[in-house]
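Letter by letter, the chains look like this.
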Amino acid sequence: MLAQQVCSLLGKGCGSSVGRVVRHSVTGVRNLANQPNPATQSEDEPAKYDSHEISRRDYRFIFPEFLPDPKPEWRNALAEKLVRQDMLNRRDQIEIPEFYVGSSLSVTVSDKNSPHPNKVSRFVGKCIDRGGTGLRAWFTLRNVIEGQGVEFMYQMYNPTILKIEVLRLMRSIDEDLYYLRDAPPEYSTVPFDLEAEILPEGAPVPIDDTVVALNPRPWNRNWDKHIGIVYKGYTISDMYPTPGKCRRMSRYMAENMAGWQMQTLKYDMMRDYRNTIPAEEQDAIWEEVADKLETRDSQMRKVAAKRAFIRPTKKL
Amino acid sequence: GPLKEEFAPWTRGKWEPGSRRPGVLAVKIGVQPLWLKNGKQILCTLLHVQDNHVVKFQTRDKFDRGYVAEKGNMPIYTGVGNRKAANLTGFVTVGAISTDPQKYTKDYCGLFSQCGLAPKRHLARFPVTDNGVIQPGTPISAALFRPGQYVDVYGRTQERGFQGGMKRWGFAGMPATHGTTKSHRRIGHIGSGCDKSRVWPGQKMPGWVGGMYKWMKGLRILRINYAENVLYVSGHAVMGKTGDILQVCDTKLHAKRFENCHKEGLTDGPKYFPTAFPEQLEELPEEEYCDKVHDFKSKSISHV
């Protein structure tokens, strides 16, 4: 039960300073709109999806930047409290919506060099990664424009951002999508004139389970070493084009070598523990900020309800 | 009857160019970004002014005949025969973070009980001019400072252990390839044989790095939170780790003193001199920003 509790408390925002956050801990698919409360639900009982109820503990997925960096040398209660106040004040000025890696977003930024008379520039793209804690929270959008792959990293609380709009809210099965750089461009392309889609009230966040066929080598990273262990969203047509590659792979995965170590990370409970904010502290944080976030959220829902339409089943 | 002279409150000075007043002892609690009104991001360090009180005031003559005044040990601002900074009349000791008297000797506690304070964990001494003197027992807060002013920060740097020439002195090292034999990060040449036929004293060599007390000068205060007594000081490289204690005082740099900051609009001096006294604290807002810094409560920055 303890492993279950520890794994379920890990959110994306934790451990961004201590290398990459542990990939395997976000086990499987999460239905955030109808997440059963871990405190009241037992392991064997099936999850109930009758009502739209998000437990406050699920805010660690929706607002991961509110949780502080778990590195103990940098923790300070007063500093974190002041940062959260600043974040809430900023959220009063602009809607920073719920989004996940895999969602398509549009960001409008005020740019003094823009040719537009309003001095704004707009970028649309697919979120391939998000991270940072507090006011340093960031996310990266990727798009392919006229054959050229373009990525923009935005700071979520930067006051020059005028509007963040989620065009397609969905969640990918991987924690980041850097492999799209070595995939055919159609998987990264998001049309600039894409209309925003508002999901109906109570609907779960859709999972984008497209499996990408990677381009042939050369790649930006050794995607053959991560497949299945870290990333589940791509396939490789020719894993071992040469006998040398086959030998190197078996050496990489041999006992105590780097690939073997990577596979053991999912059993490392102490690593999970170090990269997680304890449940009591998380509850105290949500106690502090959730009222204001929920008020803002309900205001957003009222606006969204007027513009809602049901998404067609055919994928773009 | 009338108050005895020794219990009467001390007179409070008025600011004039060239004044010096005590600073504060602050704890470094973190680093966070702020944004300027032109859209530029600036990292700033949060310094928490925690439970500061003035502990003592000592006139200059106490140091003129002491060990400190002996030749070779004179600090530049005091001592017989060294009349630099002649306008400094004495030293104010400030203490921070009250603790349990049981942890300290009676002598140490006696320093504080004279002005009715609990013993403090940290002490710092600041040279002051006559108008900058504050009565012992007065609490000091972040309101002593003014947003937009420049400060100097003094503290102990992080320990880095025994380090080589490249990290300690910024030596260039030697090439990684092209035949270099076992000398990639070594210090190399340390002296010629001709002149002195020995290595000169002071030759830069590997050794202990960090753990030294250093000044960082001319840092700007971007924002002050009066409710929580937190200073937002520009720069993320303020010395020490989170939780370390630092001394913060008005800057000594000539170009950044109040009277010389015409562009910043600080020529009329600090708002509260020598410090914000308890009755003045009630009129303060919750927080105040420097005029160039974007307030998160205000609208998004637009370049129209």
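Since we're looking at a predicted model, the values are computed, not measured. (Residues numbered from 1 in each chain as written. Chains lettered and ligands numbered in written order. Predicted model: local features only at pLDDT ≥ 70, side-chain atom pairs only at ≥ 80, totals over all residues. Heavy atoms only, no water.)

Participant: Would you explain the nonpolar core in this entry?
Facilitator: Most often, soluble globular proteins keep nonpolar side chains buried together rather than apart. Counting 109 residues, the largest nonpolar core has F139 of chain A together with L231 of chain B as the members making the most contacts within it. The biggest single contributor to this core is strand β1 (residues 24–35) of chain B, with 7 residues. Not counting residues within four places of it along the chain, the set of residues in contact with F139 of chain A comprises F99, L105, V107, C127, D129, R130, F152, M153, Y154, M156 and I164 of chain A. (Core = buried A, V, L, I, M, F, W, Y, C linked by side-chain atoms within 4.5 Å. Buried < 20%, exposed > 50% of the residue type's maximum accessible area, 1.4 Å probe, protein only. Helix = DSSP H or I, 4+ residues; strand = E, 2+ residues; numbered from the N terminus. Contact = heavy atoms within 4.5 Å.)

Participant: Where do I start with the pairing of strand β10 (residues 213–225) of chain B in this structure?
Facilitator: Remark: a regular strand shows side chains that alternate across the two faces of the sheet. Residue and element names in this part refer to chain B. Pairing between strand β7 (residues 150–156) and β10: 6 bridges, direction antiparallel. Following the sheet pairing, Y150 is matched in β10 by R220. With 4 bridges joining them, β10 and strand β11 (residues 230–234) adopt antiparallel strand pairing. Counted as the bridge partner of I224 is L231 from β11. (Pairing = 2+ DSSP bridges.)

Participant: Just checking my understanding: could you explain a positive patch on the surface for this structure?
Facilitator: All names here are of chain B. Taken together, the side chains of R160, K167, R185 and K241 define a basic patch exposed on the protein surface. Assignment of secondary structure puts R185 in the loop between α3 (165–169) and β9 (207–209). Classification of R185 as exposed rests on a relative accessible area of 57%. (Patch = residues over 30% accessible without salt bridge, like charges linked within 9 Å, V, L, I, M, F, W, Y side chains within 5 Å. Areas by Shrake-Rupley, 256 points an atom, 1.4 Å probe, with all protein chains shown as cover. Salt bridge = Lys/Arg side-chain N within 4 Å of Asp/Glu carboxyl O. Lys, Arg positive; Asp, Glu negative; His and termini not counted. Charge placed at Lys NZ, Arg CZ, Asp CG, Glu CD.)

Participant: Even after reading the chapter, I still don't get the interface of chain B and chain A, so can you show me in this structure?
Facilitator: Interfaces are often sized by the accessible area lost when the parts come together. Taken together, the contacts link 28 residues of chain B with 28 residues of chain A. Taking both sides of the interface into account, the surface hidden between chain B and chain A amounts to around 2,300 Å²; carbon and sulfur atoms contribute 57%. The three residues of chain B that bury the most area against chain A are W35, F296 and H303 of chain B, which together make up 27% of that side's buried surface. Between the two partners, chain B and chain A, sit 2 salt bridges. (Buried area = accessible area lost by both parts, 1.4 Å probe.)

Participant: Quick question: what am I supposed to make of the side chain of S114 of chain A here?
Facilitator: All names here are of chain A. Position of S114 among the secondary structure elements: in the loop between β1 (104–110) and β2 (120–131). Side-chain polar atoms of S114 contact the backbone nitrogen of H116, separated by 3.1 Å. Every residue in contact with S114, bar those within four places of it in the chain, is listed here: K119, V120 and S121. (Polar contact = N/O pair within 3.5 Å; in protein donor to acceptor, adjacent residues only side chain to side chain.)

Participant: What exactly am I supposed to notice about the state of the cysteines here?
Facilitator: Residues and elements named next belong to chain B. Scanning the model with the defined rule gives 0 disulfides over all chains in all. For the unlinked cysteine C109, the closest cysteine sulfur is that of C115, found at 12 Å. C249 takes part in no disulfide bond, and the closest cysteine sulfur to it belongs to C261, at a distance of 15 Å. (Disulfide = S-S within 2.5 Å.)

Participant: What exactly am I supposed to notice about the packing of aromatic side chains here?
Facilitator: Centre-to-centre distance and the angle between the planes together describe a pair of aromatic rings. Following the criterion strictly, the structure yields 22 aromatic pairs over all chains and no others. Seen from their ring centres, Y179 of chain A and W223 of chain A are 6.2 Å apart, and the 85 degrees between their planes marks the pair as edge-to-face. Of this pair, Y179 of chain A sits in the loop between β6 (171–172) and β7 (207–208) while W223 of chain A sits in helix α4 (residues 223–226), and the two are 44 residues apart along the sequence. We note that Y179 of chain A, like W223 of chain A, is buried. Ring centres of Y104 of chain B and Y108 of chain B lie 4.8 Å apart, and the angle between their planes is 35 degrees; this geometry places the pair in the tilted category. Aromatic ring contacts, followed pair by pair, group F99, F123, F139, F152, Y154 and F192 of chain A into a single cluster. The ring of F99 of chain A is capped by R130 of chain A, whose NZ or CZ atom sits 4.2 Å from the centre of that ring. (Phe/Tyr/Trp six-rings, centres within 6.5 Å; stacked < 30°, edge-to-face > 60°. Lys NZ or Arg CZ within 6 Å of the ring centre and 35° of its normal.)

Participant: How do you make sense of the sheet that holds strand β4 (residues 88–98) of chain B when you look at a structure like this?
Facilitator: Whenever strands of a sheet pair, they do so through backbone hydrogen bonds, lying parallel or antiparallel. All names here are of chain B. As summarised here, the arrangement of the 4 strands in space is β5-β4-β3-β6, forming an open sheet in which the pairing is antiparallel. Either end of the sheet is taken by a strand with one partner, and the two such strands are β5 (120–129) and β6 (139–140). For strand β3 (residues 52–59) and β6, the ladder comprises 2 bridges, and the chain directions are antiparallel. Paired with H53 across the bridge in β6 is P139. Sitting on the sheet, helix α2 (residues 106–113) touches β3 and β5, and the angle it makes with β5 is about 50 degrees. (Axes fitted to C-alpha atoms, helices over the stretch in contact; angles between N-to-C directions.)

Participant: Teacher, can you tell me more about the sheet that holds strand β3 (residues 138–145) of chain A here?
Facilitator: Residues and elements named next belong to chain A. A sheet is described by the order of its strands in space; here 5 strands give the open sequence β4-β3-β2-β1-β5, paired in antiparallel fashion. Here the strands that pair on one side only, and so sit at the sheet edges, are β4 (148–155) and β5 (161–168). Averaged over all pairs of adjacent strands, the angle between strand axes in this sheet comes to 35 degrees, irrespective of strand direction.

Participant: Teacher, can you tell me more about the pairing of β4 of chain A here?
Facilitator: All names here are of chain A. Two elements, β3 and β4, share 8 bridges in a ladder whose sense is antiparallel. The residue bridging W138 from the neighbouring strand is Q155, located in β4. Between β3 and β4, which follow one another and run antiparallel, lie 2 residues, and E146 among them has a positive phi close to 50 degrees.

Participant: Looking at this structure, how should I read the confidence of the model for chain A?
Facilitator: Where the model shows low pLDDT, its predicted coordinates should not be examined in detail. Overall, the predicted model of chain A reaches an average pLDDT of 83, with 79% of residues at or above 70. Note that residues 1–52 of chain A has pLDDT below 50 and, in this model, 103 contacts with residues that lie over four places away or in other chains. (pLDDT = per-residue confidence, 0-100.)

Participant: Help me out: how do you make sense of the environment of S19 of chain B in this one?
Facilitator: All names here are of chain B. Mapped onto the elements of the fold, S19 is located in the segment before β1. Given a relative accessible area of 16%, S19 falls into the buried group. With 68 residues separating them along the chain, S19 and N87 place their C-alpha atoms 8.5 Å apart. The residues contacting S19, other than those within four sequence positions of it, are T129, N131 and F273. Within the structure, S19 has its side chain in polar contact with the backbone oxygen of E16 (distance 2.5 Å). Within the local environment of S19, its side chain forms a polar contact with the side chain of N131, the two groups lying 3.0 Å apart.

Participant: Can you help me understand helix α3 (residues 77–93) of chain A in this one?
Facilitator: Residues spaced three or four apart along an α-helix point in a common direction, a consequence of the helix completing one turn every 3.6 residues. Residues and elements named next belong to chain A. With 17 residues, α3 should cover 24 Å at 1.5 Å per step; its first-to-last C-alpha distance of 25 Å lies within 8% of that length. α3 sits mainly inside the fold: 12 of its 17 residues count as buried. If you check which residues of α3 are buried, you get L78, A79, E80, L82, V83, R84, D86, M87, L88, N89, R90 and R91. N-capping of α3 is provided by N76, with a side-chain oxygen placed 3.1 Å from the backbone N of L78. (Expected span 1.5 Å × (residues − 1).)

Participant: Explain the environment of V144 of chain A to me, please; I cannot follow it from the model alone.
Facilitator: All names here are of chain A. The residue V144 is located in strand β3 in this model. Among the residues examined, V144 registers a relative accessible area of 13% and is labelled buried. Taking the C-alpha atoms as reference, V144 lies 9.2 Å from Y187; in sequence the two are 43 residues apart. Residues contacting V144, with those up to four places away along its chain left out, are G149, P185, S188 and T189.

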